[in-house]
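Coordinate inspection notes
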Amino acid sequence: MREAYLLFGRRRDLISNYDVLLGPAELYVDDAREALVFRHENQGAASWGILLDSLQDDDPAVFSRTDLVDKSAERWESWLERLSLCFVEIVLSESLHADEELCDFLDADESDVESLEENFVRLAFPVYPIGDEENGGRWFLGQDALLRDDADAAIFARGRTTEDLDRARDLIPGDWLNDHR
C-alpha cells in the first residue's frame, strides 16, 4: 500500500475520477473493527478494505463491503486476491472516467458483449469480484482503446484519441452515452 501511495497517491487523475482512494490520513478501521478501509464508491454505496488479520501479509487480499440499510447484513466480500492487483484495477477503472471526450458507456446486452469478445483482446487480468466468473468484470484491449465489461450489463470504453474511441464504438454498435456523432 505504501508503494502505491508513493507512486501515484497524489495523482487524483489516476485514483479519484469516479471512486475515491482515501489519502493516507483518511484511512480508517471500519466500525465492526474488521478491515482497514482505503477506498469508497463515489456515492458511498460501497467501500474497499484489507482485513485486519491480513495487514501483515506482503500483498493481502482486498474485500468490498456494500453499504446496506440493514447494517447487520453487511459483510466484507472477496474482491481481488491481491492488493497490487487492486491498485492496477483502480488506475484502469479511473482512466475510464477521466475525460468525457475520450470515455464512453454502453448499457450492454448479449450481442454487445459478443461484439466486444469478437473485436477486442481480453487482458490477462482476473475476473472480479473473486469467484464470480459469470457476473464479474473483465478487461479488453483494442487498437488504442481500453474497455471493461461489467458482467453483461455495461461496457466502459476509453480511447487514446476521439478517433480511437469512435473506432471502438463502431465495433460495438449501440446507444453509447456520449456518442454525439
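Residues numbered from 1 in each chain as written. Predicted model: local features only at pLDDT ≥ 70, side-chain atom pairs only at ≥ 80, totals over all residues. Heavy atoms only, no water.

**Thoughts on the sheet that holds strand 9 (residues 137-142)**
To keep it simple, the criterion reads: Two strands qualify as a pair provided DSSP detects at least 2 bridges between them. Only DSSP runs of H or I covering at least 4 residues are called helices, and only runs of E covering at least 2 are called strands; the numbering of each starts at the N terminus. Throughout, a contact is declared for two residues whenever any of their heavy atoms are within 4.5 Å. Structural elements are reduced to axes, namely lines fitted to C-alpha atoms, with helices fitted over the stretch in contact, and the angle between N-to-C directions of any two is expressed from 0 to 180 degrees.
Read across the open sheet, the 5 strands follow the order 7-11-10-9-8; overall the sheet is antiparallel. Where the open sheet ends on each side, the last strands, each with one partner, are strand 7 (103-107) and strand 8 (121-122). Sheet topology places strand 8 next to strand 9; 2 bridges connect them, and they run antiparallel. Within strand 9, the residue paired with arginine 122 across the bridge is phenylalanine 140. Most of the contacts of helix 4 (residues 110-119) go to strand 9, to which it runs at about 50°, and overall it touches strand 7, strand 9, strand 10 (145-150) and strand 11 (154-159).

**Looking at helix 5 (residues 162-171)**
Count 3.6 residues to each turn of an α-helix, and residues three or four apart come out pointing the same way. Under the convention used in this document: Type-normalised accessible area, obtained with a 1.4 Å probe on protein chains alone, sets the label of each residue: buried when under 20%, exposed when over 50%, and partly exposed for intermediate values.
Among the residues of helix 5, those classed as buried are Asp164, Leu165, Asp166, Ala168 and Arg169. Buried residues along helix 5 sit against strand 7, strand 10 and strand 11.

**A closer look at the packing of aromatic side chains**
Here is the rule: Any two of the Phe, Tyr and Trp rings considered here, Trp counted by its six-membered ring, make a pair once their centres fall within 6.5 Å; the pair's planes then place it as stacked at under 30 degrees, edge-to-face at over 60, or tilted in between.
Taken as a whole and assessed by the stated rule, the structure comprises 7 aromatic pairs. With a centroid separation of 6.3 Å and 75° between ring planes, the pair formed by tyrosine 5 and phenylalanine 87 is classed as edge-to-face. Of this pair, tyrosine 5 sits in helix 1 (residues 2-8) while phenylalanine 87 sits in helix 3 (residues 83-95), and the two are 82 residues apart along the sequence. We classify phenylalanine 87 as buried; its relative accessible area is 5%. Seen from their ring centres, phenylalanine 125 and tyrosine 128 are 5.9 Å apart, and the 80° between their planes marks the pair as edge-to-face. Overall, phenylalanine 125 belongs to the buried group, its relative accessible area being 10%. On the basis of relative accessible area, tyrosine 128 is assigned to the buried category, the value being 3%.

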